[in-house]
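Tertiary structure, described
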Amino acid sequence: MSEESYNQLLCLVTPLIQKQDTVILQYPTLISKQTLGRIIPETCRAIYGALKNEYMKFPGNIEEMKMIAKQFQNKWQFPNCLGSVDGKHVKIVPPPGAGSHFFNYKGFHSIVLMAIVDADYQFIYVDVGIIGRVSDGGVLKTTEFYKRLNEGALNIPPPEKPTQDSDPLPFVYIGDEAFALRPDFLKPYPQRELSDHDKRIYNYRVCRARRIVENAFGILAARFQIFHSAINFQSVEDVSFVVLACCTLHNYLCKSRRDYITPGDSDTENHITGTIQEGLSPGGILEPISHI
């Protein structure tokens, strides 16, 4: 983070965290773990609260949705795409008395970060806090996004021709095999159905566009060191606000620093061979959810 970006962030957050002036008599640079356990979640709540309306905005109208779709068309050659969806495990130290409540099939305790990402690797929607033993599809169905999708309350544009000589196509979200297929949510064909050339081309394009969310998780884990070990706070709510703060800071830095995302972070396509050079994908602390 540049000094300019830091000072701008400090101005936004200071009114939310500033306390009454006090005099510290001893050990001015040492803070106990118990105090940090209160300060960090409180500061993360303030960061999320200060940034979410400007830097974590879900598109509120048809024109904003069409802008996202245009970016996917221009950058990833996938038409009428409103966002790439995926979920990842965030490793935690479980709260006292939790038992196996947060234990997932990979063998550790976690909560799930469910996210929708635009074509520029920025989060447009995140939901965090569901226990790690729930699958991607199960987590998605608990979110406010899915509820509004089912109710037809997202202002999704009507079908539109991506090019002048094509048929009208619906606007859709895209995900991997873990999600249920819907008219407004696409996923790849199963491998057993790829004998058809057109299906293989479709899979190539949908998987290429879908990996944007994988890259975004990879960048998040690479930039924020807290994801390199199990997050340990008194409550799952505190952990959730730490994750939310990281996601909003990621978007803030995407917009305020041109060098925040480097060429090696993202997928690139070799137009001669038709292959993908993969960028950052999450590993370790941010683990993929099981595919179903």
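The written sequence of each chain sets the order in which its residues are numbered from 1. Only residues with pLDDT of 70 or above have their local features reported here, since the model is predicted, and side-chain atom pairs are shown and tallied only from 80 upward, although totals for entire chains, interfaces and linings are computed over all residues. Derived side-chain values reflect all non-hydrogen atoms in the structure, with water molecules and hydrogen atoms excluded from consideration.

Our focus in this paragraph is helix 6 (residues 197-223). At 3.6 residues per turn, the α-helix brings residues three or four places apart onto the same side. To qualify as a helix, a DSSP run of H or I must reach at least 4 residues; to qualify as a strand, a run of E must reach at least 2; elements of each kind are numbered from the N terminus. A helix is expected to span 1.5 Å multiplied by its residue count minus one. With 27 residues, helix 6 should cover 39 Å at 1.5 Å per step; its first-to-last C-alpha distance of 39 Å lies within 8% of that length. Here the bend at a residue is taken as the angle between two axes, fitted respectively to the seven residues that end there and the seven that start there. At I212, helix 6 is bent by approximately 25°, the largest bend along its length. Throughout this description, a polar contact denotes any pair of N or O atoms lying within 3.5 Å of each other; where both atoms belong to protein, one of them has to be capable of donating a hydrogen while the other can accept it, and for residues adjacent in sequence the pair is counted only when both atoms sit in side chains. The distance from a side-chain oxygen at the start of helix 6 to the backbone nitrogen of D198 is 2.9 Å, and the residue carrying that oxygen is D196.

The residue N203 is located in helix 6 in this model. Among the residues examined, N203 registers a relative accessible area of 7% and is labelled buried. Accessibility here uses a 1.4 Å probe with only protein chains present; expressed as a share of the type maximum, an area under 20% marks a residue as buried, one over 50% as exposed, and anything in between as partly exposed.

Judged by how many residues are buried, strand 2 (residues 110-117) sits mostly within the fold: 8 of 8 residues are covered. Neither face of strand 2 is exposed, since S110, V112, M114 and I116 on one face and I111, L113, A115 and V117 on the opposite face are all buried. By the convention used here, strands pair only if DSSP detects at least 2 bridges between them. Here 7 bridges tie strand 2 to strand 3 (residues 123-131), and the two strands are oriented antiparallel to one another. Bridge pairing in strand 3 places M114 opposite D127. Here strand 2 folds back onto strand 3, and the loop between the two strands holds 5 residues, one of which, Y121, carries a positive phi near 70°.

What follows concerns the nonpolar core. Definition used in this section: a nonpolar core is a set of buried Ala, Val, Leu, Ile, Met, Phe, Trp, Tyr and Cys residues joined via side-chain atoms within 4.5 Å. Among the nonpolar cores identified, the biggest contains 76 residues, and L113, F123, Y173, F227 and V243 are the most heavily contacted of them. A total of 13 residues in this core trace back to one element, the largest contributor, which is helix 7 (residues 236-256). F123 has contacts with Y55, M56, A115, I116, V117, A216, F217, L220, C247, H250 and N251, leaving out every residue within four places of it along the chain. Any two residues whose heavy atoms approach within 4.5 Å at even a single point are treated as in contact.

This brings us to a nonpolar patch on the surface. Patch members must show over 30% relative accessible area and no salt bridge, and they are joined within 9 Å when carrying like charges or within 5 Å when they are nonpolar side chains of Val, Leu, Ile, Met, Phe, Trp or Tyr. Areas reported as accessible are Shrake-Rupley estimates using a 1.4 Å probe. Residue values count occlusion only from the protein chains shown. Put simply, a salt bridge is a Lys or Arg side-chain nitrogen that is within 4 Å of an Asp or Glu carboxyl oxygen. On the surface, a nonpolar cluster with roughly 300 Å² of combined accessible area is contributed by M1, Y6 and L10. Turning to its location among the elements, Y6 is positioned in helix 1 (residues 3-17). On the basis of relative accessibility, which here comes to 45%, the residue Y6 falls in the partly exposed class.

A few words on the pattern of salt bridges. Evaluation of the coordinates by the stated rule reveals 9 salt bridges. Measuring nitrogen to oxygen at the nearest pair gives 2.5 Å for the salt bridge that ties K88 to D86. By the burial criterion, K88 is buried, and D86 matches it.

The next subject is the packing of helix 1 against helix 7. Lines fitted to C-alpha atoms define the axes here, with helix axes fitted over just the stretch in contact, and angles between the N-to-C directions of these axes take values from 0 to 180 degrees. One can describe the packing of helix 1 onto helix 7 by two numbers: an axis separation of 11 Å at closest approach and a directional angle of 130°. The angle between helix 1 and helix 7 falls in the class oblique. In this structure, the crossing between helix 1 and helix 7 has a hand that is right-handed. Residues S5, Q8 and L9 of helix 1 pack against L249, Y252 and S256 of helix 7. Between 65 and 115 degrees an angle is taken as roughly perpendicular, under 35 as roughly parallel, over 145 as roughly antiparallel, and anywhere else as oblique. Should the near helix be turned anticlockwise from the far one by less than a right angle, the crossing is termed left-handed; should it be turned clockwise, right-handed.

Attention now moves to the environment of I212. In this structure, I212 sits in helix 6. For I212, a relative accessible area of 0% gives the class buried. Along the backbone, I212 and Y121 are 91 residues apart, and their C-alpha atoms lie at a distance of 6.1 Å. If near-sequence neighbours (up to four positions away) are discounted, I212 is found in contact with F72, W76, S84, V117, D118, A119 and Y121.

With that settled, the discussion passes to the confidence of the model for the protein. A low pLDDT means the predicted coordinates there should not be read in detail. What pLDDT conveys is the predictor's confidence in a given residue, as a value from 0 to 100. Of the residues in the protein, 83% have a pLDDT of 70 or more, and the chain-wide mean is 83. Segment residues 23-27: pLDDT under 50, and 0 contacts once partners within four positions in sequence are set aside and those in other chains are kept. The low-confidence segment residues 270-276, where pLDDT is below 50, has 10 contacts with residues more than four positions distant or belonging to other chains.

Moving on, we get to the side chain of R210. Within the secondary structure, R210 sits in helix 6. Once residues lying within four places of it in the same chain are set aside, the contact partners of R210 are S84, D86, I174, G175 and D176.

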